[in-house]
Structure formats: structure tokens, C-alpha cells
Amino acid sequence: MASKRSVGTLTESDLKGKKVFLRADLNVPLDDSQKITDDTRIRASVPTIKFLMGKGAKVILASHLGRPKGVTPKYSLKPLVPRLSELLGVDVVMANDCIGEEVQKLAATLPDGGVLLLENVRFYKEEEKNDPEFANKLASVADLYVNDAFGTAHRAHASTEGVTKYLRPSVAGFLMQKELDYLVGAVANPKKPFAAIVGGSKVSTKIGVIESLLAKVDILILGGGMIYTFYKAQGYAVGKSLVEEDKLELATSLIEKAKSKGVSLLLPTDIVVADKFAADAESKTVPASAIPDGWMGLDIGPDSIKTFSETLDTTKTVIWNGPMGVFEFEKFAAGTDAIAKKLADITAKGVTTIIGGGDSVAAVEKAGLADKMSHISTGGGASLELLEGKTLPGVLALNDA
Ligand SMILES: Nc1ncnc2c1ncn2[C@@H]1O[C@H](COP(=O)(O)OP(=O)(O)OP(=O)(O)O)[C@@H](O)[C@H]1O
Ligand SMILES: O=C(O)[C@H](O)COP(=O)(O)O
């Protein structure tokens, strides 16, 4: 899907010499020695930063990192400076704060095309409270606002929402636009047949997504820990598998809803069971209707993989959220890996494949197939909320999205 060729409606004359407050989601994982272990979100933010630099803007880059309570050195954005500088081809200047005199001074001396990285906006509790005075202080350093922080767009925080009250225009960056194109655009107007694959641990966290997708898809494939609640609702023995007893009726009603809407609902027909929840557990494959006492289902079996794969071959658009099994344990990763491979395979044949954030993205990356999908979302919670049909406050606040 083609990205817009300019950020919002902004042209060179709007941007040359202007200070742009660019909110990105640079919330990347760091190890104990402050080394970045996955720079996907930094790389995903580069096109918008480069575009603004290229148009002669002074880029004031803001982000959160982690969930600090007050100023916490381990959540500083400083470790990101070398990687950002390398990717952007400039020396990124780092501020010790995100508001205040030093920030104003650094911004004032920033050359056209320069980049100033502000310190973690969550070092102030006012950020998450969406405090208007704090938002105004953030805004006071810039002339206009670009939001590229898709991963944080479901949060109505000062740097994602409040700041737009003080900076006009407020527009979406390339990444934000691309995420919306896929997660809203492709889902609203899919090429058919349209299939959704929903997995993950619990039905309760995916009810909204399943209900919303049932109104749109032709095929719904379920996997992961949530399926045992569906099996139990159908009267199957599920052993020690994960079950949400209070969601049995809901599972039955979702099955009925699928039927009434003419959605073809596929549950796995065979299961890889384990004697305990551990990487080195004993395992065997059993029919889904015959999980033995004392065993728990941790992955989908080979027959299910075959059926799911054949079904996916018939589709034109697929959205995937949530792993098929406990993919963190090698022994129970086969179902998730097979789905990732199948999606890579059909993407090459022209099917639009969208991976909706969180653990499914981690699984696709683990399988080394991230660049083989049509779209991999950089937002976990944000993509889930979009798939539930919710509006994101960080998007709603913009002029152009
Ligand atoms: N059969 C199972 N039993 C227990 N846990 C399972 C099972 N299958 C998958 N899981 C676990 O579900 C977790 C992912 O569930 P989750 O609902 O968080 O998925 P997600 O939507 O992809 O991620 P996120 O919530 O981060 O967006 C994984 O850690 C995986 O190990
Ligand atoms: O990692 C994420 O999902 C985003 O950066 C948002 O972070 P949060 O869940 O701490 O708001």
C-alpha cells in the first residue's frame, strides 16, 4: 500500500527552518547493559525523521521508554543516540530533559535539518495525566506537530494528545499513516476472502477483537490458549489446559454468532499436549476432543496446521493476532512457525498479510520472516484497540488523519 508522499499536507515552505515536535514511539527493549535488543521501532521512525530533515526542518524528537515512576536512569533515551545518529547520518543532539531552559536553548541553536532528542517524557507524571500545562510546555519549543507514535496512539497523554491543542497543524507521520492504512483501511475494505487468525493466551483479552472481526471476515481461525475454553464449552475434556470458566457461555455465543453471520470458524482438530508448562515437558499429539487427564494443550497439531494452511491458500487478505501455541518453548512453537511461514508464502503470491502487533510480531521476527509480510504493526495495544473498532485518541487529535 502506498504511503503518502508528504507528511500530512506539509510542504517544504511549511517546514523549512521550522521547529517540528515529532512524537515517535522509541520504546525499544534494552538489556541490563543498556544495549538495544530490537531496534525495529527506531528503524520504523526513520522515514518521517529523514523526510523532515530533508525539507530543512529542525526536528525535536520526543518519546517515552518503559513505564518509569519519575526520573529513572535505566529508562533514559540516551542509549538510543548512537543508533539514531547512525541511521539518520547526523549527530543527534540529546537533551537532559524534555522541557525547560536547556531544551529551549538546544532547540534555538539546532541547524535546519538537525535532530534534537528529548529525554523520556514519562519522567514527568504529568505526561500520562495529559496535564495541559505540561503539554503546553512541551509544545512551547516547536512550531508544529507530527505524530508518528502509532504504538502509543491508544494513550491520551500530553505528548500524544494534549500537545495538539497548542500546535497547529498537527499531522500524522508516515509510520502512523501506514499503520492506519493497513489496520483500518485494509480491514475495512479487504480483498476477499478475508481471514482472521486469532490466538494468544486468553479469550477475555480477545473478545472485543473476535466480535469486531466476526462482522468483517469470511473465515475465522482460532488457536492459542483460548481454544480450550471453546472446547470445554462444546463438552470436550481439556485436562489441565488453560480454561476461563466464566467465559464458557461467551465461547458458545461466539460460535453461534459466527454461524449466524456465515463466517467459517475453524478450531484446531488436533493438539500437542504437555505434562507440564515447561520447555522440557513430555509431549504428544492427540485429537482435540480427547485431551487426556493431567495433560495440557500447548500447541496446535499437524492436522490442524495442514487444514489451516490449505484454508489460508484460498484467501486474499489475512490478519493475524496472537500465537498458536507457547512459541517461547521450542517444542511448542511448530504451529506458530508454520502459520508464519504460510503467511510469508502467500504474501509472495499477492495476498495482503497483516500482523497485528504484540506476541505474533515477536513470533514472526523469531522465525526471521518479518520482511516477508505485507505489514507488521509496531503497536501491540494500539493495534488491538484498532482491531476492536476503537478510535485512538492520538489519531483523533490530529488534523489530517
Ligand atoms: N495453549 C496455550 N496455553 C497457555 N498459553 C499459551 C498457549 N498458547 C499461547 N499461549 C501464550 O499466549 C501468549 C500470548 O498471548 P497474548 O494474548 O498476549 O497475545 P498477543 O495478542 O499476540 O500479544 P499482546 O497482548 O502482547 O499484543 C504467549 O506468551 C503464549 O505463550
Ligand atoms: O510498547 C507499547 O505498546 C507502547 O510503547 C505503549 O507503551 P505503554 O503500554 O507503556 O503505554
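Keep in mind the model is a prediction, meaning the values are calculated, not measured.

We now examine the sheet that holds strand β15 (residues 375-376). Ordered by their spatial adjacency, 6 strands build an open sheet running β9-β8-β7-β13-β14-β15, and the pairing between neighbours is parallel. Because the sheet does not close on itself, it has two edges, and the strands there are β9 (264-266) and β15. Relative to strand β13 (residues 317-321), strand β7 (residues 194-198) runs parallel, the two being bridged by 5 bridges. Residue pairing in the sheet places Ile 197 in a bridge with Trp 320 of β13.

For the rest of this paragraph, the subject is the site of ligand 2. Inspection of the region around ligand 2 gives Asp 25, Asn 27, Arg 41, His 64, Arg 67, Arg 122, Gly 151 and Arg 155 as its neighbouring residues. His 64 is positioned with one of its side-chain polar atoms (N or O) 3.0 Å from an oxygen atom of ligand 2. Between ligand 2 and Arg 122 there is a distance of 2.8 Å, counted from an oxygen atom to a side-chain nitrogen or oxygen. Burial of ligand 2 by the protein chains amounts to 85% of its free accessible area of 310 Å². Class assignment for the residues of the shell around ligand 2 results in no nonpolar, 3 polar and 5 charged.

This part covers the environment of Gly 294. If you trace the backbone, Gly 294 turns up in the loop between β11 (283-287) and β12 (296-300). Judged by its relative accessible area of 37%, Gly 294 is partly exposed. Between the C-alpha atoms of Gly 294 and Ile 60, which are 234 residues apart in sequence, the distance is 57 Å. Excluding residues that lie within four positions of it along the chain, Gly 294 makes contacts with Gly 239, Lys 240, Ala 274 and Asp 275.

Once that is clear, we can look at the sheet that holds strand β10 (residues 270-274). Taking strand neighbours across the sheet as the criterion, the 3 strands line up as β11-β10-β12 in an open arrangement whose pairing is antiparallel. Each of the sheet's edge strands pairs with one partner strand only, and the pair in question is β11 and β12. The mean inter-strand angle of the sheet, taken between neighbouring strand axes irrespective of direction, is 40°. Alignment of β10 against β12, held across 4 bridges, turns out to be antiparallel.

Turning next to the UniProt feature "binding site: ATP" (unreviewed entry) in the chain. Following the UniProt record, the feature "binding site: ATP" (unreviewed entry) maps to Lys 206, Glu 328, Gly 357, Gly 358, Asp 359 and Ser 360 here. Within the element layout of this structure, Gly 358 appears in the loop between β14 (352-355) and α13 (359-366). If near-sequence neighbours (up to four positions away) are discounted, Gly 358 is found in contact with Gly 379 and Gly 380. For Asp 359, the position within the fold is in helix α13.

Before going further, it helps to examine helix α2 (residues 40-54). For α2, built from 15 residues, the straight-helix expectation of 21 Å at 1.5 Å per residue is met to within 8% by its first-to-last C-alpha distance of 22 Å. Within the span of α2, buried status applies to Arg 41, Ile 42, Ser 45, Val 46, Thr 48, Ile 49, Phe 51, Leu 52 and Met 53. Directly after α2, the chain includes Gly 56, whose backbone phi takes a positive value near 80°.

On to the nonpolar core. Core analysis: the biggest nonpolar cluster contains 71 residues, and Phe 21, Leu 118, Leu 138, Leu 220, Leu 222, Phe 230 and Ile 319 have the highest contact counts within it. Residues from two domains meet in this core; each of domain 1 (5-173) and domain 2 (181-386) gives at least three. Excluding anything up to four places from it in sequence, Phe 21 contacts Ile 60, Ala 62, Leu 118, Leu 138, Val 141, Ala 142, Leu 144, Tyr 145, Val 146, Ser 159 and Leu 167. Residues Leu 65, Val 81, Val 115 and Phe 174 belong to the second largest nonpolar core, which totals 32 residues.

Here we come to the packing of aromatic side chains. Following the criterion strictly, the structure yields 6 aromatic pairs and no others. Between Tyr 124 and Phe 134, the ring centres sit 5.1 Å apart and the planes meet at 35°, which makes this aromatic pair tilted. Placement of Tyr 124 in the loop between β4 (115-117) and α5 (125-129) and of Phe 134 in helix α6 (residues 132-139) is noted, with a sequence separation of 10 residues between them. A ring pair is formed by Tyr 231 and Tyr 236, whose centres lie 5.4 Å apart and whose planes are at 25°; its orientation type is stacked. By relative accessible area, which is 31% here, Tyr 236 ends up partly exposed. The ring of Trp 295 has Lys 284 lying over it, and the distance from NZ or CZ to the ring centre is 4.3 Å.

With that settled, the discussion passes to the site of ligand 1. The environment of ligand 1 is made up of 18 residues, and the closest members are Ser 201, Lys 206, Gly 297, Glu 328 and Asp 359. Between Ser 201 and ligand 1, the recorded distance is 3.0 Å, taken from a backbone N or O atom to an oxygen atom. Computed on the free molecule, ligand 1 has an accessible area of 640 Å², of which 80% lies beneath the protein chains in the complex. Looking at the shell around ligand 1, the elements that each hand over two or more residues are β12 and α13. Counted by class, the shell around ligand 1 contains 4 nonpolar, 11 polar and 3 charged residues.

Further remarks concern the UniProt feature "binding site: (2R)-3-phosphoglycerate" (unreviewed entry) in the chain. UniProt tags Arg 41, Arg 122 and Arg 155 as "binding site: (2R)-3-phosphoglycerate" (unreviewed entry). Position of Arg 41 relative to the elements: it lies in helix α2. Once residues lying within four places of it in the same chain are set aside, the contact partners of Arg 155 are Arg 67, Arg 122, Thr 160 and Pro 393.

Time to look at the domain arrangement of the chain. By domain assignment, the chain separates into domain 1 (5-173) and domain 2 (181-386). Each of domain 1 and domain 2 was reduced to a C-alpha centroid, and the two centroids are 35 Å apart. Contacts between the two partners involve 7 residues from domain 1 and, on the opposite side, 11 residues from domain 2. Where domain 1 abuts domain 2, roughly 650 Å² becomes buried across the two surfaces, and 62% of that area is made up of carbon and sulfur atoms.

Conventions and cut-offs
Residues numbered from 1 in each chain as written. Chains lettered and ligands numbered in written order. Predicted model: local features only at pLDDT ≥ 70, side-chain atom pairs only at ≥ 80, totals over all residues. Heavy atoms only, no water. Pairing = 2+ DSSP bridges. Helix = DSSP H or I, 4+ residues; strand = E, 2+ residues; numbered from the N terminus. Near = heavy atom within 4 Å. Polar contact = N/O pair within 3.5 Å; in protein donor to acceptor, adjacent residues only side chain to side chain. Areas by Shrake-Rupley, 256 points an atom, 1.4 Å probe, with all protein chains shown as cover. Nonpolar A, V, L, I, M, F, W, Y, C, P; charged D, E, K, R; others polar. Buried < 20%, exposed > 50% of the residue type's maximum accessible area, 1.4 Å probe, protein only. Contact = heavy atoms within 4.5 Å. Axes fitted to C-alpha atoms, helices over the stretch in contact; angles between N-to-C directions. UniProt positions renumbered as here; feature names shortened; annotations may be inferred. Expected span 1.5 Å × (residues − 1). Core = buried A, V, L, I, M, F, W, Y, C linked by side-chain atoms within 4.5 Å. Domains from an automatic or database assignment. Phe/Tyr/Trp six-rings, centres within 6.5 Å; stacked < 30°, edge-to-face > 60°. Lys NZ or Arg CZ within 6 Å of the ring centre and 35° of its normal. Buried area = accessible area lost by both parts, 1.4 Å probe.

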